[in-house]
Amino acid sequence: MIDWERVQELRSEIGADGFAEVVDLFLDEVEAVVMGLGGRPDRVEEDLHFLKGSAWNLGFRDFGGACQQGERMAAAGRAVEVDLGAIRETYSLSKTQFLGRLSEFTPAA
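Below, the structure is looked at part by part. Worth saying up front: this structure is predicted, and the values here are computed from it rather than measured.

A few words on the packing of helix H1 (residues 4-36) against helix H2 (residues 44-58). Two elements in contact, H1 and H2, have axes whose closest approach is 9 Å; the angle formed by their N-to-C orientations is 150 degrees. Considering the angle they form, H1 stands roughly antiparallel to H2. Considering how the two elements wind past one another, H1 and H2 form a crossing that is left-handed. Here Arg6, Val7, Leu10, Phe19, Val22, Val23, Phe26, Glu29, Val30, Val33 and Val34 of H1 lie close against H2, whose contacting residues are Asp47, Phe50, Leu51, Ser54, Ala55, Trp56, Asn57 and Leu58. Broken down by class, the residue content of the contact of H1 with H2 amounts to 14 nonpolar, two polar and three charged.

Right, dumping it as structure tokens:
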């Protein structure tokens, strides 16, 4: 579900403090888009593209894959067939797993 090697790679690239900031920003921005997903049917493809890139950047492998599949469907004119509930569920499960190990990658407060 999570590509922990990617998580470690990103943390190494930007440092522990920068990583913590990226995680906070990711959770804020992605959460907002995930919660609004489908509210504007004309933006489904664009929203899924944004979510896919954000997910893969932070190692959310399964969530990114679900977004990619939905994005492709939307690009093919099948946006109404995208299972947005499953995408939200994959995000929720990924977030839970990620937060469960986040302390391994961030500095102690």
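Past the structure itself, the notes keep going.
The subject of this paragraph is the nonpolar core. Phe19, Leu51, Phe60, Phe63, Ile87 and Phe98 are the most contacted members of the largest nonpolar core, which has 30 residues in total. Looking at this core, the elements that each hand over two or more residues are H1, H2, helix H3 (61-75) and helix H4 (84-101). Here this core takes 10 residues from H1, the largest share from any one element. Contacts of phenylalanine 63, omitting those with residues within four sequence positions, involve Val30, Val34, Leu51, Ala55, Ile87, Thr90, Tyr91 and Ser94.

Glancing now at the pattern of salt bridges. As enumerated under the stated definition, the model contains 10 salt bridges in all. Its salt-bridge partner being glutamate 31, residue lysine 95 comes within 3.0 Å of it at the nearest N-O pair. Here the residue lysine 95 occupies a position in helix H4, and glutamate 31 occupies one in helix H1, the gap between them amounting to 64 residues. By relative accessible area, which is 24% here, glutamate 31 ends up partly exposed. The partner of arginine 78 in a salt bridge is glutamate 81, with the nearest N and O atoms 3.1 Å apart. With a relative accessible area of 47%, glutamate 81 lands in the partly exposed category. Counted as one network, the salt bridges with shared partners bring together Arg6, Glu9 and Glu13.

Cut-offs applied
Residues numbered from 1 in each chain as written. Predicted model: local features only at pLDDT ≥ 70, side-chain atom pairs only at ≥ 80, totals over all residues. Heavy atoms only, no water. Axes fitted to C-alpha atoms, helices over the stretch in contact; angles between N-to-C directions. Helix = DSSP H or I, 4+ residues; strand = E, 2+ residues; numbered from the N terminus. Parallel < 35°, antiparallel > 145°, perpendicular 65-115°, else oblique. Left-handed = near helix turned anticlockwise from the far one by under 90°. Contact = heavy atoms within 4.5 Å. Nonpolar A, V, L, I, M, F, W, Y, C, P; charged D, E, K, R; others polar. Core = buried A, V, L, I, M, F, W, Y, C linked by side-chain atoms within 4.5 Å. Buried < 20%, exposed > 50% of the residue type's maximum accessible area, 1.4 Å probe, protein only. Salt bridge = Lys/Arg side-chain N within 4 Å of Asp/Glu carboxyl O.

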